[in-house]
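# Survey of secondary and tertiary structure
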Amino acid sequence: MNRFFFLLLLLVLPGIMQAQTLESILKGYHAAIGGLDKYPQQQAVIIKAQTQGGGGGQKRPMTFTLKAPKSSRMDLVIQAGLTYTMAYDGKQGWSIQPWTGSMDPQPMNADDARDAGRTIKLLWNDLMSSGNDGSSLTYEGKDEIEGSEVYKVKSRYADGTEIIYFLDVDSYLIIKWTTRSMNSGVLDESDMFLGEYQVIDGRTLPYVFEQKMNGETMSSTYIKEYQFNASVSDALFSMPAKQ
């Protein structure tokens, strides 16, 4: 009988330890960013930024408007009078692409709408929702990024998308996440590096986002301001009628 319970313990102990490790990492992360109470659901946040292509060059104004749990919008000024818009209202994604010669909004396909919807994760990521958005979290052990030891936490979605979060073992802040998803039947993988954290009104927030694919920098985004408790109508995220 004792041998039976010993063998049973060997089977269940790894799962228990994994759950305890994941719980402690999430607790450490939540404390590091200032506490989940600083990021309430149903709140709107406006993020003012500038973005730059991977090859450098001109920085262009960009505004993210996010409203938990699912609404997001991004407006990128291409040049005076021309703005690229990408939005998701919780059900439908749409965009305005001025380089096509039309300022009419166009609905997105399913893959693009999914990606637009996950813009919300610039602020409310999977480690904050803890599975409430349909994802499941697992602890994947430790790794090293640019000389820093990190925890790895993987988020999985029903559609097969995976997001791996890499958290510094000392600060518990995210220094990178890797997204793997299918787009038009092809597996895409991209990395987002986060840095230049600052503490503002009790919240610890990243002020630089660098997106890479295959090790090559695709874009760098520099945050100018986070505006919490913004007053934003839900209509901002809905696709307007064509002009």
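See the structure shown above.
For the structure given in this document, a descriptive report is provided here. (Residues numbered from 1 in each chain as written. Predicted model: local features only at pLDDT ≥ 70, side-chain atom pairs only at ≥ 80, totals over all residues. Heavy atoms only, no water.)

## Side note on the side chain of S155
Spelled out, the test is: We count a stretch as a helix when DSSP gives it H or I for four or more residues in a row; a strand needs E for two or more, and each element gets its number in order from the N terminus. Summary of the burial criterion: residues with accessible area below 20% of their type's maximum are buried, those above 50% are exposed, and those between are partly exposed, where the area comes from a 1.4 Å probe applied to protein chains only. Nitrogen and oxygen atoms within 3.5 Å of one another constitute a polar contact, given that in protein one can donate a hydrogen and the other can accept it, and given that sequence-neighbouring residues count only through two side-chain atoms. By definition, residues are in contact when any of their heavy atoms lie within 4.5 Å.
Relative to the assigned elements, S155 resides in strand β8 (residues 148–156). Accessibility expressed as a relative area gives 0% for S155, which makes it buried. A distance of 3.0 Å separates the side chain of S155 from the side chain of D126, its partner in a polar contact. Non-local contacts of S155, meaning those with residues more than four positions away in its chain, are made with D126, S135, S136, L137, T161, E162, I163 and Y165.

## Some details on the pairing of strand β10 (residues 174–183)
Rules: What makes two strands pair is DSSP finding at least two bridges between them.
In terms of residue burial, β10 counts as a mostly covered element, since eight of its ten residues are buried. Pairing of strand β9 (residues 162–168) with β10, which is carried by six bridges, proceeds in the antiparallel orientation. Residue pairing in the sheet places I163 in a bridge with T179 of β10. Pairing of β10 with strand β11 (residues 186–195) involves eight bridges; the strand directions are antiparallel. Along β11, the bridge assignment pairs W177 with M192.

## Considering unusual backbone geometry
Peptide bonds are, in most cases, trans, and in most cases residues other than glycine have a negative phi. In this model, A68 is joined to P69 through a cis peptide bond whose omega is 10 degrees. When you line up the elements, P69 lands in the loop between β2 (56–67) and β3 (71–79). Positive phi, normally seen in glycine, also occurs at E146, with a value near 50 degrees. The topology assignment puts E146 in the loop between β7 (136–145) and β8. Of note, N214 is a non-glycine position whose phi angle comes to about 55 degrees, a positive value.

## Notes on the nonpolar core
In globular proteins that are soluble, nonpolar side chains generally tend to be buried together. Selection criterion: Each nonpolar core is a collection of buried residues, namely Ala, Val, Leu, Ile, Met, Phe, Trp, Tyr and Cys, held together in the definition by side-chain atoms within 4.5 Å.
If you look at the biggest cluster of nonpolar residues, it comprises 48 residues, and the most contacted ones within it are L123, W124, L127, L167, W177 and Y226. Ranked by residues supplied to this core, first place goes to helix α1 (residues 2–32) with five residues. Those residues in contact with L123 that lie beyond four places of it in its chain are Y39, V45, L66, M128, L205, Y226 and F228. I145, V150, I175 and F193 belong to the second-largest nonpolar core, a separate cluster that totals six residues.

## Points about the environment of D89
With respect to the helices, strands and loops of the structure, D89 is situated in the loop between β4 (82–88) and β5 (93–96). On the basis of relative accessible area, D89 is assigned to the partly exposed category, the value being 25%. The residues touching D89, leaving out its near neighbours within four places in the chain, are S71, F237 and S238. Among the polar contacts made by the side chain of D89, one reaches the main-chain amide nitrogen of K91 at a distance of 2.9 Å. From its side chain, D89 meets the backbone nitrogen of Q92 in a polar contact 2.6 Å long.

## With respect to the pattern of salt bridges
Note the threshold: Between Lys or Arg on one side and Asp or Glu on the other, a salt bridge is scored when a side-chain nitrogen of the former is within 4 Å of a carboxyl oxygen of the latter.
On inspection of all chains with the given rule, the structure shows 14 salt bridges. For E140, the salt bridge is made with R156, and the minimal N-O distance between the two is 4.0 Å. Highlighted residues: E140 in strand β7 and R156 in strand β8, separated in sequence by 16 residues. Looking at E140, the relative accessible area reads 33%, which means it is partly exposed. Sharing partners across several salt bridges, the network here consists of E140, K154, R156, E162, R180 and E189.

All quantities given are derived from atomic positions and should not be read as evidence of function.
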